[in-house]
Amino acid sequence: MTTPHASPTSVWASDLLGASVIATQAPVAQVTGLVVTPAGDVAALQVEPRPDGTPPADQAAALLLPFDAALGYAPGEVRVVSADDVVPAFKLPTLLGHLTARRSDLLGAPVLTPDGRCLGFLWDALLDCATGALLQYRIGSAPQPSGSARSVLTGGHLCRAAQGGFTLPEPYAALVDDLINAPPDLA
């Protein structure tokens, strides 16, 4: 499976996970997760390690880089003005409820029909580098990409669901269902 390339104004979520946060040529942190709002946009990047290499004791001590604080995004790299752009989560209290343990709950999340049936799983999402808005989605038939699993690239809008997944509205849901579940000779 090949993923289409992002433009200079967009980046794939999978390319951000594990990316180095760099200030004036020196790495200051590594991206470990994406802070996704209920609307489905990325508001911040969760970063590690702490200066001594230990994880934070609680979510309020987690380190965040607000999405709009970065100078630029590229696969494997996030540029910032200084290490001061990375802040403790308690300074951004509206985002605390959206933090994850280590990785983003965005990738691998179930994608549901409006009536709650599982269509597949979110393999990747294309983010607008200026706003953090999700522009496109790669939805696959298994929780993670594999050689035999099918996927569909869609520009349809995913709605964040309360149970940790996403809902794909009609008619996108029917189209994705047809494409992922088509017999092998029609795919």
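Source: prediction; values computed, not measured. (Residues numbered from 1 in each chain as written. Predicted model: local features only at pLDDT ≥ 70, side-chain atom pairs only at ≥ 80, totals over all residues. Heavy atoms only, no water.)

(A) Examining the sheet that holds strand β8 (residues 87-88) more closely. Overall, mixed pairing links the 7 strands, which are arranged β6-β7-β2-β3-β4-β5-β8 in an open sheet. Strands with a single pairing partner mark the edges of an open sheet, and in this sheet they are β6 (72-74) and β8. The pairing of strand β2 (residues 20-23) with strand β3 (residues 26-36) spans 4 bridges and is classified as antiparallel. Opposite V21, over in β3, you have A29 as the bridge partner. (Pairing = 2+ DSSP bridges. Helix = DSSP H or I, 4+ residues; strand = E, 2+ residues; numbered from the N terminus.)

(B) Spotlight on the nonpolar core. Counting 41 residues, the largest nonpolar core has L45, V78 and L106 as its most contacted members. Among the nonpolar cores identified, the runner-up in size contains 5 residues, and V35, A62, L64 and A89 belong to it. (Core = buried A, V, L, I, M, F, W, Y, C linked by side-chain atoms within 4.5 Å. Buried < 20%, exposed > 50% of the residue type's maximum accessible area, 1.4 Å probe, protein only.)

(C) Quick peek at the packing of aromatic side chains. Per the counting criterion, the structure on display carries 1 aromatic pair. Between the aromatic rings of F67 and Y73, the centroid separation amounts to 4.5 Å while the plane-to-plane angle is 15 degrees, which identifies the pairing as stacked. The class of F67 is buried, set by a relative accessible area of 2%. Owing to a relative accessible area of 10%, Y73 belongs among the buried residues under this scheme. (Phe/Tyr/Trp six-rings, centres within 6.5 Å; stacked < 30°, edge-to-face > 60°.)

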